[in-house]
Structures are given as C-alpha cells and as structure tokens.
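# Chains, contacts and geometry: an overview
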Amino acid sequence: MLYPQTNDARLVFSLDGVWDFRTAGETDYPSEWTGAALPEPIPMAVPGSYNDQNDITDLYGVYGWVVYQRTFDLPGRVIAGQRVVLRFDAATHAADVYLNGEKLGSHKGGFLPFEFDVTGKVKPGENLLTVAIDNRINQSTLPIGNEGNVAFFGSDNAGIPSVEAGKRYAKPQNRPNFDFFNFAGLNRHVELYTTPLAYIADVAVTTKSVTEGLGEGETGPATIGYDVTLGGDADPAAVKVEIQDAFGNPVAQATGAKGEIDLPAAHLWNPGAAYLYTAHVTLAGADGSAADGDQYDQTFGIRTVEVKDRKFLINGKPFYFKGFGKHEDSYFHGRGTDQLLNVKDVSLIHWLNANSFRTSHYPYAENMYDLCDREGIVIIDETPAVGMSWPQYTNKPLFEHHQQVIRDMIARDKNHPSVVMWSLANEPWYDQGGEKSESALKYFTPLYELAHEVDPQNRPVTIVCCQNDYTKDLVTRTMDVVCINRYYGWYNLSGDLDAACYALNVELDWWEKIGKPVMFTEYGADTMEGVHGTHGKMWSEEYQRDYYARINAEIDKRPWFIGEQLWNFADFVTIQGTMRVEGNRKGILTRDRQPKLAAHFLRDRWSAIPNFGYKA
Ligand SMILES: CCCCCC[C@@H]1NC[C@@H](O)[C@H](O)[C@H]1C(=O)O
C-alpha cells in the first residue's frame with residue numbers, strides 16, 4: 001500500500017488538526033451523529049490518542065465508542081477528473097467511517113492503514129467527515145483483552161465472596177492482557193489524496209543480488225527486481241521506471257510493469273551506513289504523454305537479509321542486534337504519532353550506540369520506518385498479536401484476522417530496507433504441553449508460511465517467546481531466529497544475579513542443541529530513577545546496570561547468540577496495578593527520555609560492539 005505523496009500527478013490534503021469529539025455508548029453511537037454536526041462537542045487533536053487530551057471527562061476510562069467529526073473543503077477544479085481517496089494511517093481499534101452521512105465502511109485493527117475510494121462521493125465545497133471508533137479489546141481482537149478476569153499482572157483475591165461481588169459490580173471495562181495502556185483514537189495521520197483515474201496502485205522493490213561485504217562508500221554490481229501494480233484502465237506497457245541515486249541522478253532505466261535492473265556500481269544499504277535509492281515510476285497517460293499520467297517515487301535500499309549457519313547475515317555479513325523493544329508512547333500524545341519524538345528517539349538510539357529495535361507490540365507509524373531507512377537503523381516489525389493463549393489457537397475468526405494483519409503489515413512495510421525480520425506475535429502462551437502446545441503449533445505454522453509467502457523480499461520470520469518452559473514450547477524452535485524474552489533475576493530468582501546467570505546458562509545449554517540463532521528481544525529490570533544503593537537492590541539504578549553487566553557477560557560466551565534487545569528503551573504507561581508505578585519502569589531511559597545509570601553502561605558496551613562480525 002503506497003504512502004500518500006504529492007507530486008506532478010498527485011495531491012495530498014492533510015485532515016490533521018483539531019476535530020470535534022464526543023464519547024458515545026459501550027456498544028454503539030447515535031446514528032444522528034453520523035450526518036450532522038455533533039451536539040456540544042469537545043476539541044480533539046488528530047493525530048493523537050484521545051485519552052490524555054481532556055481533564056473534564058475521564059477519557060482514560062472510556063470503554064466503547066467515541067465519535068470524531070470535522071468538515072473540510074475541496075477545490076472542485078483540483079479533484080475534477082481525478083480519483084480521490086480517503087486514508088487513515090490507523091484508527092485504534094475499530095472504526096466506522098461516514099462521509100456526508102453515507103457510511104463508507106468499517107475497519108478492524110488499530111495499527112495499520114486503510115482507505116476508501118471517495119471519487120464522486122466527496123464534493124466541491126464543504127464535506128462532513130464522521131469517524132466512530134471503538135476501543136474495546138477482547139478474546140477475538142489483536143491485541144487480546146481479557147473477559148471476566150483481571151488485566152495483565154492484575155492482582156486478585158479470587159473466590160472471596162466480597163471480592164467476587166465487587167468484580168460483578170464493577171462497570172464494564174477493558175482488561176488488557178498486555179502491558180501497555182490501551183491508548184485509542186485517531187492516533188495517526190488522516191489524509192485525502194488524488195491520483196489520475198488510471199494509476200499506480202503499488203510498487204515492490206526487491207534485491208536480487210549484491211556484491212557482498214561492500215562497506216560505506218564502496219560500490220559493486222547489484223541486481224534489483226521491481227513489480228508495479230496498476231489500478232483503473234492502465235496499460236502495463238505504459239510504465240517506465242527510472243532508478244535515481246541518493247542525489248537524484250538517474251543511474252538506470254526500465255520499461256514495463258515488472259522486471260529486473262542491473263546496477264554496475266551499486267551502493268548498499270547497511271546498518272549505520274544507509275544509502276537510499278528512488279524508483280521514479282511513471283505511467284503515461286492515455287495519449288502516451290505524461291499529461292494525465294501518474295507517477296510515484298518509491299525509496300528503497302539495496303541489501304540482502306539471510307539466516308545461515310546460525311548467523312543473521314545482512315549483505316552477507318553477520319549482524320549483531322544491539323537495541324531494545326520500544327513503544328509508541330509519550331506524554332499527552334499517548335500512542336499518537338509524534339514525529340519530533342521519533343527524531344529524538346532516533347538521536348538517542350545513535351547516542352546509545354544501538355543499531356536496532358523491535359516495533360513492540362504493534363506496527364509503528366510509517367514515518368518511523370522512513371526515518372530508520374535514512375538513519376541506518378534495523379527494525380524487527382511486529383504484529384499487534386500480544387496476550388494470546390491457547391483459547392485463541394482454535395479461534396478461527398481470530399486466525400483469519402491475524403492472517404489479514406500479516407498481509408497488511410507486509411504490504412505496507414515491504415520496501416523498507418530497515419525492516420529485516422517479521423515477528424508474528426509477542427509472548428503467546430504455549431508451553432502447557434500436550435494438545436495445548438500442539439494447538440499453538442497448528443495455529444502459528446501457517447502464519448509463518450504466510451509471512452514468507454507474501455513478502456516479496458522473503459525476509460526471516462520469528463515469534464517472540466515469553467519466559468516459558470522451553471522444553472514444551474513447540475513453536476519458537478521452528479522459527480528462523482529464536483527470539484526470547486527472559487527475566488532471570490527479575491520475575492524469577494528476583495534480586496539474585498548469581499542464580500539468574502546460572503539458570504540462564506541451563507537454558508542456553510538447551511538452545512545450544514537446537515541449532516538456531518538465538519537473541520534476546522526482552523530482558524530487563526524495573527528501575528526508579530534516583531533510587532541508589534552501594535549494593536544495588538532491585539528497583540535501584542545500580543541493580544539495572546549490574547543486571548545487564550552480568551547477563552551480557554553470559555550471552556557473550558555463546559557464538560550463536562546474535563543479539564541483545566533489552567526491555568525497554570524508555571519507561572511507558574500501562575493500566576494501573578500493584579506492579580506498575582505510573583507504568584512500566586524497565587526503561588533505560590525515563591519516559592521523558594533522560595538516561596538512567598544503565599544507559600551509560602550500555603552506551604559504553606555498545607560502542608565496543610561492531611554492527612558486523614562481533615562473534616564471527
Ligand atoms: C512470568 C514472566 C512474564 C514476563 C513478561 C515480561 C513482559 N513482556 C511483554 C512486555 O510488553 C511487558 O512490558 C514485559 C514486562 O512485564 O515488563
């Protein structure tokens with residue numbers, strides 16, 4: 001799915017700004033709101049979660065529907081004879097969309113784009129756009145919401161008559177089976193864009209071959225593939241592709257909607273040394289000229305990714321992941337797109353001498369991937385499948401939704417050189433053994449195969465595994481890379497780093513026999529900034545530093561251990577609970593991005609670890 005672009009053939013109108021907003025009901029919203037001005041609305045900024053934008057109404061407690069609304073004007077002369085599309089970069093978690101009172105459609109899933117062709121529906125002059133959004137999560141949504149019991153790490157004294165009476169009395173509410181606040185709303189950009197009636201619908205660029213081992217500034221022969229999908233009454237023979245280097249200079253040309261292009265002196269995209277090309281795609285108009293033709297500029301990077309001999313190879317060189325799990329999470333914006341924060345976070349990733357992160361636990365906004373493409377930062381791209389357990393593995397509608405999410409995520413992110421691996425899910429619970437473990441394998445194996453099938457670059461596929469009984473977990477070992485979240489010394493063997501290192505090695509001895517590359521995708525300790533001790537105890541900054549020093553010393557002894565992504569880049573907000581102090585405090589940075597002691601330790605460690613060949 002192409003990101004909207006203004007160029008000689010297309011125009012993008014942003015619908016960001018301050019919209020009108022009302023909360024509505026748990027299960028529905030007034031139909032009269034869909035085609036007429038909202039009564040007594042409050043202001044709501046888009047993009048941004050609604051939760052933290054108003055203190056008169058408790059928007060953190062919303063359970064069900066809210067309604068956004070705005071008007072917009074369009075110049076008739078600009079849209080005349082054009083295709084007009086309304087696009088949502090995301091709406092969390094489910095949306096019903098109305099234009100001038102007519103329902104355009106609905107979308108389920110809160111972290112990927114969707115769009116409606118509104119050609120002939122949008123009118124010159126004023127239009128009324130109404131978007132109803134449902135924030136409810138349950139056993140059939142991704143992420144998973146609990147039904148009838150407590151949230152993730154929620155505390156309970158089940159069985160006590162008064163407590164059970166209180167649970168029955170409690171008003172209906174979201175109970176996330178995941179550890180991040182359920183920020184919701186129009187979290188990302190909303191835009192209208194035009195294309196000609198015959199248009200370029202999609203562009204896929206792949207790397208067929210490279211001269212391996214090229215460093216920054218070096219060039220060598222490479223071959224790329226391209227595949228242009230058209231829409232409307234378009235002629236594939238009318239497609240031309242010009243490859244432009246990082247300075248916009250044409251370096252190769254091709255005609256036709258699909259083909260391969262040889263580049264005799266190609267620059268490779270490398271972690272820490274990005275090089276971006278542009279595929280300038282044009283579709284000639286009906287008269288053969290560009291006059292009413294279409295065009296699209298698709299950036300891409302030339303690089304290969306392969307798992308081989310228990311190594312993760314980028315351009316044929318063994319890469320070592322240094323980084324974190326992150327969140328889209330910030331003061332006031334909630335999960336809302338904040339490009340300034342993206343730029344700030346990328347600068348901090350460089351400051352930390354890190355090279356990668358996982359989009360835990362959902363696909364992030366496209367802007368962040370674009371930034372990582374140009375900054376040479378590596379991404380593990382993850383679906384919103386978090387909080388799953390065996391009841392879900394036989395839930396067919398959920399499986400079908402999960403398939404769609406994988407297709408949509410890969411369709412959106414396929415051209416990003418920064419994306420090197422897909423994560424199907426975070427911490428599905430599947431180590432109960434017997435048929436429960438078997439049901440998980442039956443659920444995830446087709447999804448693993450689907451990801452490989454729909455990715456034109458056929459990247460590695462993984463699943464991020466929770467602290468579990470690895471001997472009964474039948475799924476993790478089948479992935480291309482074994483990604484483990486482990487908390488020895490925190491959630492178990494708490495405070496005892498000697499026992500934690502011993503236990504970690506017992507498990508690593510087991511993985512030694514599996515023959516797959518293994519990496520941490522989570523490990524960490526909650527830390528309150530300002531808490532100190534000569535012999536750092538849990539929650540102190542010294543403990544977090546000591547925790548990483550000790551655990552890292554153990555993984556350094558394993559040549560097939562290919563990376564350390566810690567949990568978390570920064571503190572982030574969760575649902576309230578006895579184990580959270582204004583959220584999860586495992587950040588090596590505070591929520592306002594100030595370094596804790598461990599950040600300085602890791603910065604020094606990572607300055608001495610190269611992107612390639614660390615354990616070659
Ligand atoms: C029983 C051990 C469970 C460990 C689970 C650890 C969790 N992984 C997923 C993340 O979203 C959580 O924030 C993390 C944690 O709680 O800090």
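Residues numbered from 1 in each chain as written. Predicted model: local features only at pLDDT ≥ 70, side-chain atom pairs only at ≥ 80, totals over all residues. Heavy atoms only, no water.

### Overview of the sheet that holds strand 11 (residues 199-209)
Quick reminder of the rule: When DSSP finds at least two bridges between two strands, those strands are taken to pair. By the criteria applied, helices consist of DSSP H or I runs no shorter than four residues and strands consist of E runs no shorter than two, each listed in order from the N terminus. For helices, the axis comes from a line fit to the C-alpha atoms of the stretch in contact; other axes are also lines fit to C-alpha atoms, and the angle between any two N-to-C directions lies between 0 and 180 degrees.
With antiparallel pairing, three strands are arranged side by side in an open sheet as 11-12-15. Each having just a single partner strand, strand 11 and strand 15 (258-266) make up the two edges of the open sheet. Averaged over all pairs of adjacent strands, the angle between their axes in this sheet comes to 25°, without regard to strand direction. The sheet contact formed by strand 12 (residues 220-231) and strand 15 spans seven bridges and is antiparallel. Residue pairing in the sheet places G220 in a bridge with A266 of strand 15.

### What about empty space enclosed by the protein?
Using a probe with the size of a water molecule, rolled over the atoms, empty space left in the structure can be pinpointed. The following threshold applies: Any residue with an atom within 4 Å of a point lines the site, the site being either a cavity, points on a 1 Å grid over the protein atoms alone where a 1.4 Å probe fits but cannot get out, or a pocket, an open set with protein on both sides within 12 Å along at least 5 of 7 lines. Grid points are joined across faces, edges and corners, and a volume is the space filled by probe spheres set on the points.
A full pass over the atoms with the stated rule returns three cavities of 30 Å³ or more. In this structure, the largest cavity occupies an estimated 110 Å³ of space. Around the largest cavity sit 15 residues that line it, and E328, D329, D338, L341 and N342 are the ones nearest its centre. Here the lining of the largest cavity takes three residues from helix 3 (residues 339-351), the largest share from any one element.

### Quick notes on the site of the ligand
For clarity, the cut-off: By convention in these notes, a residue is near a molecule or strand provided one of its non-hydrogen atoms lies within 4 Å of it. Polar contact is defined as a pair of N or O atoms within 3.5 Å, subject to the rule that within protein one atom must be able to donate a hydrogen and the other to accept it, and that residues adjacent in sequence are counted only when both atoms are side-chain atoms. Here the Shrake-Rupley method, with its probe set to 1.4 Å, supplies the accessible areas, and only the displayed protein chains count as covering residues. We call Asp, Glu, Lys and Arg charged. Ala, Val, Leu, Ile, Met, Phe, Trp, Tyr, Cys and Pro are nonpolar, and the rest, Gly among them, are polar. Residue ranges for the domains trace back to a domain assignment, done automatically or taken from a database.
In the region of the ligand, 14 residues are neighbours, and D179, H361, Y491, E522 and K586 sit closest. Between the ligand and Y491, the relevant distance is 2.6 Å, taken from an oxygen atom to a side-chain nitrogen or oxygen of the residue. In this structure, an oxygen atom belonging to the ligand sits 3.0 Å away from a side-chain N or O atom of R580. Here the ligand has 440 Å² of accessible area as a free molecule, and 88% of this is covered by the chains. Residue classes in the shell around the ligand are distributed as six nonpolar, three polar and five charged. Structurally, the shell around the ligand is a two-domain feature, drawing no fewer than three residues from each of domain 1 (11-195) and domain 3 (321-608).

### With respect to the UniProt feature "domain: Glycosyl hydrolases family 2 sugar binding" (unreviewed entry) in the chain
Threshold: UniProt positions are given in the numbering used here, feature names are shortened, and annotations may be inferred rather than shown by experiment.
The UniProt entry lists residues 14-196 under the feature "domain: Glycosyl hydrolases family 2 sugar binding" (unreviewed entry), expressed in the numbering used here. Within residues 14-196, the helical portion is 7% and the strand portion 34%, while the C-alpha atoms at the span's ends are 19 Å from each other.

### A closer look at unusual backbone geometry
Along the chain, V46 connects to P47 via a cis peptide bond; the corresponding omega equals 0°. Looking at where P47 falls in the secondary structure, it is placed in the loop between strand 3 (42-46) and strand 4 (65-74). Looking along the chain, the bond that leaves T92 and enters H93 is cis, with omega of 10°. Tracing the chain through its elements places H93 in the loop between strand 5 (83-88) and strand 6 (94-99). Phi is positive for N100, close to 50°, though the residue is something other than glycine. On the secondary structure map, N100 appears in the loop between strand 6 and strand 7 (102-108). Backbone geometry at R310 places phi at a positive 60°, although glycine is not the residue there. Examined against the element boundaries, R310 turns out to sit in the loop between strand 18 (305-308) and strand 19 (311-314).

### Focus: the pattern of salt bridges
Filter applied, for reference: The term salt bridge refers to a side-chain nitrogen of Lys or Arg lying within 4 Å of a carboxyl oxygen of Asp or Glu. Think of it in three bands: residues with accessible area under 20% of the maximum for their type are buried, residues over 50% are exposed, and the middle band is partly exposed, with areas taken using a 1.4 Å probe on protein chains only.
All chains considered together, the criterion is met by 35 salt bridges. When the shortest N-O distance is used, the salt bridge between D345 and K326 registers 2.9 Å. Taken together, the positions of D345 in helix 3 and K326 in the loop between strand 21 (321-325) and helix 3 put the pair 19 residues apart, joining distant regions of the chain. With respect to burial, D345 and K326 carry one shared label: buried. Residue E366 is joined to R412 by a salt bridge in which the shortest nitrogen-to-oxygen separation is 3.8 Å. One end of the pair, E366, is in helix 4 (residues 366-375); the other, R412, is in helix 5 (residues 396-413), with 46 residues separating them in the sequence. We note that E366, like R412, is buried. Because the salt bridges share partners, they merge into one network encompassing R87, D89, E115, E366, R412 and D413.

### A short note on the domain arrangement of the chain
Going by this rule: The criterion used for residue contact is that any of the two residues' heavy atoms lie within 4.5 Å. The term buried area denotes the loss of accessible surface (1.4 Å probe radius) that occurs when two parts are joined, taken as the sum for both partners.
We note that the domain assignment places domain 1 (11-195), domain 2 (199-303) and domain 3 (321-608) within the chain. Its C-alpha centre places domain 2 at a distance of 33 Å from the equivalent point of domain 3. Opposite the 16 residues of domain 2 that make contact, domain 3 presents 17 residues. When the two sides are added together, the surface that domain 2 and domain 3 hide from each other amounts to roughly 1,100 Å², 54% of it contributed by carbon and sulfur. Applying the counting criterion to the domain 2 and domain 3 interface returns one salt bridge. K414 is the salt-bridge partner of D202, the closest N and O atoms lying 3.0 Å from each other. Put simply, domain 2 and domain 3 have nine residue pairs in polar contact (both at pLDDT 80 or more) between them. Among the elements that make up the side of domain 2 that touches domain 3, the one with the highest residue count is strand 11 (five residues). Broken down by class, the residue content of the side of domain 2 that touches domain 3 amounts to eight nonpolar, six polar and two charged.

### Describing the packing of helix 7 (residues 497-512) against helix 8 (residues 541-555)
To be explicit about the condition: Put simply, angles under 35 degrees are roughly parallel, angles over 145 are roughly antiparallel, angles from 65 to 115 are roughly perpendicular, and the rest are oblique. Helix crossings are classified by the rotation of the near helix relative to the far one: an anticlockwise turn of less than a right angle makes the crossing left-handed, while a clockwise turn makes it right-handed.
Contact geometry for helix 7 and helix 8: axes closest at 10 Å, N-to-C directions at 30°. As summarised for this structure, helix 7 and helix 8 are arranged roughly parallel, according to the angle between their axes. Along this stretch, helix 7 crosses helix 8, giving a crossing that reads as right-handed. Along its contact with helix 7, which presents L497, D498, C501, L504, N505 and L508, the element helix 8 presents Y543, D546, Y547, R550, I551, E554 and I555. When grouped by side-chain class, the residues that make up the contact of helix 7 with helix 8 number eight nonpolar, one polar and four charged.

### A short note on the packing of aromatic side chains
Centre-to-centre distance and the angle between the planes together describe a pair of aromatic rings. Let me state the cut-off plainly: Aromatic pairing here means that ring centres of Phe, Tyr or Trp (its six-membered ring) are within 6.5 Å. Orientation follows from the plane angle: under 30 degrees is stacked, over 60 is edge-to-face, and everything else is tilted. Definition used: whenever NZ (Lys) or CZ (Arg) falls within 6 Å of the ring centre and also within 35 degrees of the ring normal, the charge is taken to sit over that ring.
Per the counting criterion, the structure on display carries 45 aromatic pairs. Here the aromatic rings of Y543 and Y547 are separated by 6.5 Å at their centres, their planes lie at 45°, and the arrangement is tilted. Note that Y543 and Y547 are positioned in helix 8 at a spacing of four residues, about one turn of the helix. For Y547, a relative accessible area of 1% puts it in the buried group. A connected cluster of aromatic rings, assembled from ring pairs, spans W490, F520, Y523, W539, Y543, Y547, Y548, W560 and F561. Against the face of W390 rests K436, its NZ or CZ located 3.8 Å from the ring centre. Above the face of the Y331 ring, R591 is positioned so that its terminal group lies 4.5 Å from the ring centre.

### Overview of the confidence of the model for the chain
What counts is decided by this rule: One number per residue, pLDDT, summarises how confident the predictor is, and it ranges from 0 to 100.
Per-chain confidence: the chain averages 97 in pLDDT, with 100% of residues scoring 70 or above. In the predicted complex, the global pTM is 0.98; the interface-specific ipTM is 0.99.

### Some details on the nonpolar core
Here is the rule we go by: Residues grouped as a nonpolar core are buried Ala, Val, Leu, Ile, Met, Phe, Trp, Tyr and Cys residues, joined through side-chain atoms within 4.5 Å.
The biggest cluster of nonpolar side chains holds 87 residues, and the ones touching the most others in it are F324, F357, M388, L424, F444, Y547 and I588. Per-element tally for this core: the top contributor is helix 7, with eight residues. Residues contacting F357, with those up to four places away along its chain left out, are F324, K326, I349, Y364, M368, C372, I377, V378, I379, I380 and Q565. Ranked by size, the runner-up nonpolar core spans 33 residues in total, among them L74, V97, I133 and A184.

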